[in-house]
Every structure is written in structure tokens, then in C-alpha cells.
Amino acid sequence: MTTLQHDLVIIGGGLAGLRAAIEAARTAEKAGKSLDIAIVSKVYPVRSHSVSAEGGAAAVLRDYDTFDLHAMDTIRGADFLADQDAVEILVNSAPSEIIQMEHWGCPWNRDEDGHVSVRAFGGMSVKRTVFASDKTGFHMLHTLFQTSLKYTTITRYDEWFVTSIIADDKEVHGIVGLDISTGSFHAIKAKAVMLAAGGGGRVFAFTTNGSICTGDGMALAYRAGAPLKDMEFVQFHPTGLPNTGILITEAARGEGGYLINAKGERFLEKYIPNKMEMGPRDIISRAIITELEQGLGYGESKDGFVHLDLRHLGEKHLKSRLPFILELTRTYMGIDPVIEPIPVRPVLHYMMGGVHTDNDGRTPLKGLYSAGENACVTINGANRLGSNSLTECLVFGARAGSAAAGYIFETAGSDKDLSTFAERDETKIRTRFLTERNRGEKVSVIRKELQATMEEGAGVFRTAKGLNGSIEKLAELRERAQRLQIKDSTRTYNLELVGALELDFMLDVADTIVQSAHNRQESRGAHVRRDFPERDDEKWLIHQQANMTPKGLKIKKSPVTITKWQPEERKY
Amino acid sequence: MLERRIKVNVERQNFELQEGIYTQSYEVPVMDGMMVLDALNYIRDEIDSTLAFRWSCRMGICGSCGMTVDEQPRLTCQDNLNEYSDEISVAPLNNFPVIRDLVVDIDDFMQKKLPSVSPWLIRKEEAPLDEGEYLQSPAEMAKYADNSACINCMLCYSACPVYDMEPNFVGPAAMALAQRYNLDSRDQGSGARYSVLSGPDALWDCTFVGECSVACPKGVNPAEAIQRAKVEAAQRWAKSIIMPWSQK
Ligand SMILES: Cc1cc2nc3c(=O)[nH]c(=O)nc-3n(C[C@H](O)[C@H](O)[C@H](O)COP(=O)(O)OP(=O)(O)OC[C@H]3O[C@@H](n4cnc5c(N)ncnc54)[C@H](O)[C@@H]3O)c2cc1C
Ligand code: SF4
Ligand code: FES
């Protein structure tokens, strides 16, 4: 089979991947060099889950604001586990990235004077979140996608599912991808590969993430020998719609919405009186769960909810600032927020952890880069602040794109013959999944049990016992997943096979989450251990990096970079 | 909660199996508030794992899940089963080649038609970033806001009788997106776009049936965008004859 070839292969066409591709193309243009870039994505780029981001992207754009203030908010939000050099890069580069997006046509909301508007967001001490209505991710993604179309040096492989990264212990050589529509496997040779494959929220049952968010990029890196850092930190967003998990953006509170318990109280008074609804997500999610456990919510505590009340904001304001929220609540709940409160409960939203990178997206594996939710730089530490992630995709996507281009200009590229790799993956996958069929269980059965055990053990509140239970359950599921029942043996658009491959990735990702969480015997940010309720800087002001070894998962510790903000008690 | 059972008749095909196009029926228990997409996911998870269809966001924004439901192009993740009888039909979107089951081939739009209208902001000169944003008032934004809401779901192409007859027709969403940039006060590239729009298989092929705007689940109104573009294109053409130096 012929081997395809590009200089840079980017896995993922979401915000981080597209921003990286454009920056790599521009870097080459400026340097007067040629650079052949490919974006490989399992869905058309505009379907990437970045599309669903609602609230906005943070950047210091106003005179009343400063870089230090944005940095301090981020670091405090992160419960001091963010790497402060990375945070400084984020806040310093954010404004020009936001303006760059504007120059490419992104329809940021405007004030009457024609300047870009800002709104309040949780944990941000001043208004600094720019937004495009309440469809910010949608507008950013389409702006970047459409802008990418003018670069003829970018080739796309749409609806190609990456099955492995080809690497030896020295460097990366390329990838293997499954062309979903034909069912054929191909190797693509590359001087550098970038993982921008997003997060893996679907390892939980109740999530704001779309069906495609299965953590593939994290598992691909892990299997290729790159470590996954800070995996124990997953974020629960306080306000998801019951049943579907569809997100009600934090901007709803930023615009002035209240959280109310069944007694009609603004209960955050008891938990975070100085910030109330504008507190960080970890604290508010815990407050809601605590209210539910005390019987102060509506319904059973396990799937109960509190109310998000927007009625006092008035129809006009809601229509102009939160039109998508009106559409979502009407369509999926049959509720009109103009006259009724919205039922909400905490929902798995985001993974702070990911592939360990330096500030230019480099992973420890030569030639392998990563950016976006897939990566862990880390500006998010133990708890991400809302609206920092879209900015992260831009800032670190661009940096990784230009760093990868620079690396490629200096690299001859390996002469490794990749012709056998596509067949290797194909044989392995077909043998495992498509021969001796009908012996085991369905993909959907294992997937649901995996999601249930993650909710059980790795939720908002954790204990050693619960995490142990999940670790054991995952081992059992991995065993059972060796014998999946896949009915469909055809090649054309075989989504049952794709689902099995995703499940296989999810099992790895889930394992790194529960094992890292079990190991970390303290409570910090979004990781709260009932058996270790305090933060312990002496022992745990460190990152954990999970490595895949022949003997299973091994954790290595690495220091947190502190520049000018010494850890202190996290008070609001 | 009220539960009922419905019959979902799905149009299926997989050319590898050489069974042609056939209808397969499934019984699905339906809870209040379930969408057509939820029924399909129930089928795939509980009854028949071989059924192929696309979806991701399940919140009406990624544009993956367009299908033909009871003969109409619909975005299935926001298509409430309460609005249907106890028997529904689900088929792939019309006017596209079918890859398999409910999955259609839209590469023609994604790889050719959309890029053909230069859907990006064109400036004679890029201003340096440190000079800040190009100013734009909320009123100026409002002019292109509807056109910028397109999620590329392809329902409009599926509804379009011209596209049905003429696969080269640039089509509603691509033209609406061209207009999205033409109407943007920051853009200086409408000349290039109008030369494509006034050329073959574009504006002048549209017979203004308006089915696209009826089908659009996001309020884009491609029919109106095309009408306005026609007026503008005609004026530019007239001007170019009377005052050939006036072209931008
Ligand atoms: C509902 C919601 C609302 C949010 N709102 C905000 C907000 O207001 N502000 C904010 O800052 N953040 C927000 N976030 C977080 C933010 O949107 C995401 O972290 C960010 O968009 C991730 O972008 P990404 O480019 O890293 O990944 P994604 O956009 O998820 O893209 C991943 C890409 O990888 C590809 N891919 C994955 N696996 C494979 C594979 N095996 N083979 C090939 N391709 C693959 C996919 O096709 C896709 O193109 C929100 C998140 C959610 C879920
Ligand atoms: S114009 Fe409307 S119907 Fe057509 S692709 Fe865009 S959103 Fe879909
Ligand atoms: S699943 Fe995304 S629009 Fe329907």
C-alpha cells in the first residue's frame, strides 16, 4: 500500500488544530519556505466539539485590567497547580490572539462604540471574557475553518480516524489512519505530528461533551510513550440540564443569573459569599452537590437539581445576550427561562489533564506536539477557569504550530519505511474485533458500565474506596472488552468498529484518571478526597505524569513552576 | 412519565452487501421529550449496532445529524418525537450520494463549493494587530448576523430543487456564506466573490423557490440572501457597463 506523506500531520480540526495549521502555514510563508500540512480529523472540522462552546474567551483588553490580574485569577482558580510561566504566556498573548480572530472575521459582540464587548465569568475578578453571542465556540470554529480554506498548503483528511502514532523510542515517524468511508487503512509519514484531538468527557455518563469526545488523542500519546499529566483533575460544570447534560453557559450567571435551592435561597451565600454565582466551578459544583445531599435540592440527590433563575434579567436582555440558552432550554426541556427557572446540576465538562508539553507544545517524544484540551501545558492546574480554554486553544495552538514548523525546517526527516504499518494496524484490529465475532458483549454495554463506574468513583467527591472500586471495575471491563461482539464486518462507514476503537481508547484514559486520583492523597481544586479533605502543599504541590510501561501504569512526579505568585490559602 | 412505543422505518443500504435499498423497521419505546436522534441511538445501542448515522453534539450546533424524517429534511437532534405519529420514516438527506444507511457524501460542499466562494475576510491590507480591532457597530454586525449562523447541516441543499437537477449549482448555504462576508463592513473582497456568484451555476440559476429557507433549522434564510445578492450583482453589472472604472 502506498504511504502518504506530509511535513506536518495535525490530528484534530477543532480550534487548537486549525489554529496550529494556520500558524504553521504562516510561519512557512514568512520564512519563504514550503511546508506541507495535513489535518486529519475523524469528523469534518466544523463538527469538532469546540463548536459547542457557548460563553466566551478571556483576554485583557480593557484599561481597568492587567496581565497580572488575569494571571493571578487563573493561578488561584487552578489552586496553585498551574505552571506560572505558561500562565504568563497565556495572558500576555491572549489579546493579540483575540484581535487576530477579529481580523479574520470572528463576529465578537460589540459595544456601541464599535469595540469588542466583554462579560463577567466565574473566578475572573473583572469583566474580561469576549464572546460571540452565546455561540462563541461555533463562531470561532467556523471563522478558523473558513480562514484555513485560503491556505493551499493545508490538505484535509476529513472523517479519517487515527488508530496509532508511529514512533520508536527516538522520534515520531507518522500516523496510521482509517478512512471511515472506505474502511481502508493508510500510513501517513510526517516529520512532525501534532495531537489536537480534544478532551474525553465521554468517559463519564453525564457530560456536556459530544459523542466524539472520547479522549483518543490522550490514549494515542500514552501508547506512543508520551506521559499524561494531571489526569486526576476533571472539571464538573455547575449547570448542566438534567437528563441530557447539555450545558447552560456560565455566562448565564455572568449576565446576572442566580442559583436557588428548593427553599428558595441563594444558597451560595453559605459557601462563597464574596463571589456568589461568580465563584469558580469546582467550588460551586461542590456546593450544589452538598445541597442535594442535604435534601435541599429538587428530586433525589443522585439525579436531583437546583434552579438557575434568569427571570429577573428580562426577556430583552436574555434575547440579546443568551439567545442560544433560550433555544436550548425550550427545545430540550420545554422550559422558557423568561418565565421559569431552569433546572441544573453539575455535569462533567472538561479535562484539565492531558499530554505533557512544554510551552511550545513539545512533548517528551521528539517530533510529537500537542495543543488544546488534548495537551497539559498547564495553565489550568487543578481547576480551569471558564473562558480560559478557548484562549488556550488559540495561544498554544499557534505556538505549537510555529514551533513544529521551525522543527521541521531543521529536520531531514527519517528514512524509515512505513509501508507495513497500515497493514499492521489493520490486521491487528480486524483480528481482534472482526474475527470470531458474536462471542462477547456489545460495545454499548461495556461503554455504559465504564461511564457508570467513572461517575461512581471519580465524581465531584472521591474516596480511596470508591476509586479502588473503579480501578477494579476498569480492569474487569478491559478484560471483557477483549471479546467484543461486533456484528458489522463490512468496510464502508463501519461505525460499530469506530465505536470499539473509541471504547478501547476510553479504557486507557479512564484508567489514568482513576489511578492518578487514587494516588493523590489530598484535596485540591476539582480533585476532592473525602478521606484527605485538606490541600497538602508539602507533599502534593506537584504534577503527576502517568506513563504506560510493560508493567502497567507508572506515575512519575514533576515540579510545578512558580514564577511570582507563592502558593497561599485559596480564599475568595 | 408517559411512555409510548413507536415504529421507526429506516431506509438502509450498504452497497457491499448487495441488498439494494430497503426499509427496516424497529420498535422504540419513547419517553416524553425524546428526539428522533435519541430513537436512532436507542436502535443502535439496544437493537441493531450496524445502523450507520452521524451525530455528535446532540444540541443543534455541530450540523452532523441532518436526515429526511417523514419526507422532510430535519436536524434530528432537535426534532421532537412528540410532533410525530406512532410511525415515522427516516431516510438519508435527498440530493446527495449515499455512503451508507443514513450517511451522505458532502465532500463536494466541504472541499469544493464552500472554498469556491472565498468565505474568509478579505482586506486590501492587513492592519497590524497592535492597532486593535477593526471597529464595527452592533448595527453593522446585525447586517450579516443571520448569514453567519449557518452550521453547514446541508438541509437546504436537500430541499433545493435546483441542486437536485444541477449538482454543480453552488447552492444555498455557500451563497449565504458568501453574502455573510459581502455584508460584513470589515470586508473588502466582495468583487471577487461577486464574480463567482454572477458566473455559471450560481445566483442566476436560483429560481427562488424558497425551500431552502423553509428547511433551514438556524434561521439563515439563504433564499433572501440570494435575492439580495442578485440585486447587488445586477447593479454592479449595470454600473460596470455605464462606469467601467467604478469596480471595487
Ligand atoms: C459545551 C461546552 C462549552 C464550552 N464552553 C467554553 C467556553 O465558553 N469558554 C472556554 O474557554 N471553553 C469552553 N469549553 C471548553 C472548550 O470548548 C474546549 O476545551 C475546546 O474547544 C477544545 O478544543 P480542541 O481544539 O482542543 O478540541 P476539539 O474541538 O474537541 O477538537 C478535537 C478534534 O480532534 C479530532 N479527533 C479526535 N480523535 C480523533 C481520532 N482518533 N482521529 C482523528 N481525529 C480525531 C476531532 O475530529 C476534532 O476535530 C466548553 C466545552 C464544552 C463541552
Ligand atoms: S443555510 Fe441553514 S439549512 Fe443550509 S446548511 Fe446552513 S444552517 Fe443548514
Ligand atoms: S448532533 Fe450536532 S447538530 Fe445534531
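What you see is a predicted model, and the numbers here were worked out from it, not measured in a lab.

## Re the nonpolar core
Side chains that are nonpolar tend, in soluble globular proteins, to be buried together.
Item 1. By size, the foremost hydrophobic cluster in this structure holds 158 residues, and its most contacted members are A:Ile37, A:Trp108, A:Leu259, A:Leu310, B:Val8, B:Leu40 and B:Tyr157.
Item 2. Listed in part, the 80 residues of the second largest apolar core include A:Ile180, A:Ala458, A:Leu484 and A:Leu497.

## A word on the site of ligand 1
Residue and element names in this part refer to chain A.
Item 1. Around ligand 1 there are 38 residues in total, and Ser 41, Ser 48, Ser 50, Glu 373 and Leu 390 lie nearest to it.
Item 2. Gly 55 is positioned such that a nitrogen or oxygen atom in its backbone is 2.9 Å from an oxygen atom of ligand 1.
Item 3. Within the side chain of Asp 216, a nitrogen or oxygen atom sits 2.8 Å from a nitrogen atom of ligand 1.
Item 4. Taking 1000 Å² as the accessible area of ligand 1 by itself, protein coverage stands at 98%.
Item 5. Only helix H1 (15–31), strand E3 (37–41), strand E7 (160–167), strand E15 (342–351) and helix H10 (388–409) provide two or more residues apiece to the shell around ligand 1.
Item 6. In terms of residues, the shell around ligand 1 owes the most to one element, H10, which gives four residues.
Item 7. Class assignment of the residues belonging to the shell around ligand 1 gives a composition of 15 nonpolar, 18 polar and five charged.

## Comments concerning the domain arrangement of chain B
All names here are of chain B.
Item 1. Taken domain by domain, chain B consists of domain 1 (5–104) and domain 2 (107–246).
Item 2. For domain 1 versus domain 2, the separation of C-alpha centres amounts to 31 Å.
Item 3. Three residues stand out in domain 1 for area buried against domain 2, namely Pro 73, Asn 95 and Phe 96, and they jointly supply 48% of the buried area on that side.
Item 4. Taken together, domain 1 and domain 2 are joined by zero salt bridges.
Item 5. The interface formed by domain 1 and domain 2 holds six residue pairs in polar contact (both at pLDDT 80 or more) in total.
Item 6. Elements with a minimum of two residues in the side of domain 1 that touches domain 2: strand E3 (66–69) and strand E4 (72–75).
Item 7. The element that contributes the greatest number of residues to the side of domain 1 that touches domain 2 is E4, accounting for three residues.
Item 8. In terms of residue class, the side of domain 1 that touches domain 2 is built from seven nonpolar, six polar and one charged.

## Describing the sheet that holds E3(A)
All names here are of chain A.
Item 1. In space, the five strands of this open sheet follow the order E6-E3-E2-E10-E17, with parallel pairing throughout. Single-partner strands in this sheet number two, and they are strand E6 (154–158) and strand E17 (368–370). With direction set aside, neighbouring strand axes in the sheet form an average angle of 20 degrees.
Item 2. Of the strand pairs in this sheet, strand E2 (residues 8–11) and E3 are connected by four bridges, and their pairing is parallel. Within the sheet, the bridge partner assigned to Ile 11 lies in E3 and is Val 40.
Item 3. Helix-sheet contacts for H1 involve E2, E3, E6 and strand E10 (192–195), and the interaxial angle to E3 is about 170 degrees.

## Some words on the interface of chain B and chain A
Item 1. Contacts between the two partners involve 63 residues from chain B, matched on the other side by 66 residues from chain A.
Item 2. When chain B packs against chain A, close to 5300 Å² is buried across both sides, 52% of that on carbon and sulfur atoms.
Item 3. Counting the surface chain B buries against chain A, the share from its top three residues, B:Arg58, B:Met59 and B:Glu133, is 14%.
Item 4. A:Arg447 serves as the salt-bridge partner of B:Asp45, at 3.0 Å between the closest nitrogen and oxygen.
Item 5. Across the chain B-chain A interface, the total number found is 40 residue pairs in polar contact (both at pLDDT 80 or more).
Item 6. Listed by contribution, the elements that provide at least two residues to the side of chain B that touches chain A are helix H1 (36–47), strand E6 (98–100), helix H2 (107–116), helix H3 (138–145) and helix H6 (172–182) of chain B.

## Considerations on the packing of helix H2 (residues 67–77) of chain A against helix H3 (residues 84–103) of chain A
In helix packing, the relevant descriptors are the interaxial angle and the interaxial distance, both defined with respect to the helix axes.
Residues and elements named next belong to chain A.
Item 1. Where H2 meets H3, the axes come as close as 9 Å, and the angle between the chain directions of the two elements is 135 degrees. Between H2 and H3, the crossing angle belongs to the class labelled oblique. In this structure, the crossing between H2 and H3 has a hand that is right-handed. Counted together, Phe 67, His 70, Ala 71, Thr 74 and Ile 75 of H2 and Gln 84, Val 87, Val 91, Asn 92 and Pro 95 of H3 form the full contact between these two elements.

## A few points about the site of ligand 2
Item 1. Lining the immediate environment of ligand 2, one finds B:Cys150, B:Ile151, B:Asn152, B:Cys153, B:Met154, B:Leu155, B:Cys156, B:Ala173, B:Cys216, B:Pro217, B:Val220 and B:Pro222.
Item 2. Across the shell around ligand 2, the residue classes tally to eleven nonpolar, one polar and no charged.

## Describing helix H13 (residues 464–481) of chain A
In an α-helix there are 3.6 residues to a turn, and that puts residues three or four apart on one side.
Residues and elements named next belong to chain A.
Item 1. Between its first and last C-alpha atoms H13 spans 25 Å; for 18 residues at 1.5 Å apiece the expected length is 26 Å, and the two agree.
Item 2. Within the sequence span of H13, burial applies to Leu 467, Ser 470, Ile 471, Leu 474, Leu 477, Arg 480 and Ala 481.
Item 3. Those residues of H13 that are buried lie in contact with helix H11 (421–434), helix H12 (443–457) and helix H14 (495–519).

## Here's the deal with the packing of H12(A) against H14(A)
Residue and element names in this part refer to chain A.
Item 1. It is at 10 Å that the axes of H12 and H14 come closest, and there the two elements cross at 20 degrees. In terms of their interaxial angle, H12 and H14 are classed as roughly parallel. For the pair H12 and H14, the crossing hand works out as left-handed. Residues Val 443, Ile 446, Arg 447, Leu 450, Gln 451 and Met 454 of H12 pack against Glu 496, Gly 499, Ala 500, Leu 503, Met 506, Leu 507, Ala 510, Ile 513 and Val 514 of H14.
Item 2. A per-class count over the contact of H12 with H14 returns eleven nonpolar, two polar and two charged.

## Quick look at the domain arrangement of chain A
Residue and element names in this part refer to chain A.
Item 1. With domains assigned, chain A is organised as domain 1 (1–233 + 352–572) and domain 2 (240–349).
Item 2. The centre of domain 1, based on its C-alpha atoms, is set 28 Å off from the matching centre of domain 2.
Item 3. Taken together, the contact between domain 1 and domain 2 spans 33 residues of the former and 38 residues of the latter.
Item 4. Carbon and sulfur atoms make up 56% of the surface buried where domain 1 meets domain 2, a total of about 2900 Å² over both sides.
Item 5. Taken together, the links from domain 1 to domain 2 amount to three salt bridges.
Item 6. Ionic pairing is found between Arg 570 and Asp 282, a salt bridge with its closest N-O pair at 2.8 Å.
Item 7. On inspection of domain 1 and its partner domain 2, the count reaches 19 residue pairs in polar contact (both at pLDDT 80 or more).
Item 8. Residue composition of the side of domain 1 that touches domain 2, by class: twelve nonpolar, twelve polar and nine charged.

## Notes on the pattern of salt bridges
Item 1. Under the counting rule described, the total for this entry stands at 68 salt bridges over all chains.
Item 2. Of the charged contacts, one joins A:Asp73 and A:Arg128 as a salt bridge, the two residues approaching to 2.9 Å between their closest N and O atoms. Of this pair, A:Asp73 sits in helix H2 while A:Arg128 sits in the loop between H3 and strand E5 (129–130), placing them 55 residues apart in sequence.
Item 3. Accessibility expressed as a relative area gives 1% for A:Arg128, which makes it buried.
Item 4. Among the ionic pairs, A:Asp488 bridges to B:Arg100, the shortest N-O distance being 2.7 Å. With one member in each of two chains, A:Asp488 in the loop between H13 and H14 and B:Arg100 in strand E6 form a pair that bridges those chains. Pair check on accessibility: A:Asp488 and B:Arg100 agree, each one buried.
Item 5. Taken together, the shared-partner salt bridges connect A:Asp79, A:Glu232, A:Asp282, A:Arg286, A:Arg520, A:Glu522, A:Arg524, A:Arg535, A:Asp537 and A:Arg570 into one network.

Criteria and cut-off values
Residues numbered from 1 in each chain as written. Chains lettered and ligands numbered in written order. Predicted model: local features only at pLDDT ≥ 70, side-chain atom pairs only at ≥ 80, totals over all residues. Heavy atoms only, no water. Core = buried A, V, L, I, M, F, W, Y, C linked by side-chain atoms within 4.5 Å. Buried < 20%, exposed > 50% of the residue type's maximum accessible area, 1.4 Å probe, protein only. Near = heavy atom within 4 Å. Polar contact = N/O pair within 3.5 Å; in protein donor to acceptor, adjacent residues only side chain to side chain. Areas by Shrake-Rupley, 256 points an atom, 1.4 Å probe, with all protein chains shown as cover. Helix = DSSP H or I, 4+ residues; strand = E, 2+ residues; numbered from the N terminus. Nonpolar A, V, L, I, M, F, W, Y, C, P; charged D, E, K, R; others polar. Domains from an automatic or database assignment. Buried area = accessible area lost by both parts, 1.4 Å probe. Salt bridge = Lys/Arg side-chain N within 4 Å of Asp/Glu carboxyl O. Pairing = 2+ DSSP bridges. Axes fitted to C-alpha atoms, helices over the stretch in contact; angles between N-to-C directions. Contact = heavy atoms within 4.5 Å. Parallel < 35°, antiparallel > 145°, perpendicular 65-115°, else oblique. Left-handed = near helix turned anticlockwise from the far one by under 90°. Expected span 1.5 Å × (residues − 1).

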